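# Structural characterization, general
What follows is each chain in one-letter form.
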Amino acid sequence: MALSTHADLVDKVRLEGAYRTREQAEDAIRVVLSGLGRQLTGRERLDLAARLPLEAALLLTSHTLDPEPTTGLGFVKDIAARTGTTPGIARWDTGSVLTVVAALAGPDLITRILSRLPVGWALLFGRAELASAA
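The notes below deal with the structure included here.

Cut-offs applied
The residue numbering used here restarts from 1 in each chain and proceeds along that chain's sequence as written. This being a predicted model, a pLDDT of at least 70 is required before a residue's local features are given, and a value of 80 or more before pairs of side-chain atoms are given or counted; all residues contribute to the totals for chains, interfaces and linings. Derived side-chain values reflect all non-hydrogen atoms in the structure, with water molecules and hydrogen atoms excluded from consideration. For this analysis, a ring pair means two rings from Phe, Tyr or Trp (six-membered ring only for Trp) whose centres lie within 6.5 Å, classed as stacked if their planes differ by under 30 degrees, edge-to-face if by over 60, and tilted for the remaining angles. A run of DSSP states H or I qualifies as a helix once it reaches four residues; a run of E qualifies as a strand once it reaches two. Both are numbered from the N-terminal end. Here's how the labels work: a residue is buried when its accessible area is under 20% of the maximum for its type, exposed when over 50%, partly exposed in between, all with a 1.4 Å probe on protein chains only. Residues belong to one nonpolar core when they are buried, are Ala, Val, Leu, Ile, Met, Phe, Trp, Tyr or Cys, and are joined through side-chain atoms within 4.5 Å. The contact criterion used is simple: two residues touch if any of their non-hydrogen atoms lie within 4.5 Å. In what follows, salt bridge is the name for a side-chain nitrogen of Lys or Arg lying within 4 Å of a carboxyl oxygen of Asp or Glu. In the analysis that follows, any N or O atom pair within 3.5 Å is treated as a polar contact, provided that within protein one partner can donate a hydrogen and the other can accept it, and provided that, for residues neighboring in sequence, both atoms belong to side chains.

## Quick word on the packing of aromatic side chains
Aromatic ring pairs are described here by two measures, namely the spacing of the ring centres and the angle between the planes. In this structure the tally under the stated criterion is two aromatic pairs. Ring centres of Phe-75 and Trp-121 lie 4.5 Å apart, and the angle between their planes is 45°; on these two criteria the pair is classed as tilted. One end of the pair, Phe-75, is in helix α5 (residues 72-83); the other, Trp-121, is in the segment after α7 (107-116), with 46 residues separating them in the sequence. We classify Trp-121 as buried; its relative accessible area is 1%. Ring plane angle 35° and centroid distance 6.4 Å describe the contact between Trp-121 and Phe-125, whose orientation is recorded as tilted. For the residue pair Trp-121 and Phe-125, the accessibility class agrees, reading buried in each case. One aromatic cluster in this structure is built from Phe-75, Trp-121 and Phe-125.

Quick look at the structure:
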């Protein structure tokens, strides 16, 4: 999937998340990509930014990293706290945005990203969370 403009990204997230307005989709994109940018490091962060429209890439890369990486559930709870919504709404927003981001990034990059994040992130990107063998 190729989205050449930020407007295309907003439209795709609006459709994926069944948002009533473009503003709701834009708000979800802003909060989720900013939060993701606080979690991603290194080459994966730069490679993902290169596949996003410019405005989205800036959201991803303009924030400093959190000192401690968080689980997927912790990320959703953080989004809920930052936006003053429920964890259920934050989970919906996160999944709506990251599912579109995963399609833009492609499976190889998402696999690399997930290998660098703590547990619980795969479902947010629309993938099954596979448990490692003990």
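Text resumes after the structure shown.
## Here we look at the nonpolar core
One finds Leu-33, Leu-36, Leu-48, Leu-52, Trp-121 and Phe-125 to be the most contacted residues of the largest nonpolar core, which totals 40 residues. When residues of this core are traced back to their parent elements, those giving at least two are α1 (6-17), α2 (22-37), α3 (42-50), α4 (54-61), α5, α6 (87-105) and α7. With eight residues, the top contributor of residues to this core is α6. Apart from residues no more than four positions distant in its own chain, Phe-125 is found in contact with Leu-36, Leu-98, Thr-99, Val-101, Ala-102, Ile-110, Ile-113, Leu-114 and Leu-117.

## A word on the pattern of salt bridges
Scanning the model with the defined rule gives nine salt bridges in all. Note that Glu-44 is salt-bridged to Arg-116, the shortest N-O span being 3.5 Å. Taken together, the residues span a long stretch of sequence, with Glu-44 in helix α3 and Arg-116 in helix α7 at a distance of 72 residues. The class for Glu-44 is buried, based on a relative accessible area of 9%. A cluster of three or more residues bridged by salt bridges with shared partners is formed by Arg-43, Glu-44, Asp-47, Arg-112 and Arg-116.

## Brief notes about unusual backbone geometry
Of note in the backbone geometry, Ala-18 takes a positive phi value of approximately 55° without being a glycine. Its place among the elements puts Ala-18 in the loop between α1 and α2. Residue class for Ala-18 comes out exposed when judged on its relative accessible area of 63%.

## Description of the side chain of Ser-34
Structurally, Ser-34 can be placed in helix α2. Since its relative accessible area comes to 8%, Ser-34 is described here as buried. Of the polar contacts made by the side chain of Ser-34, one reaches the side chain of His-63; its length is 3.1 Å.

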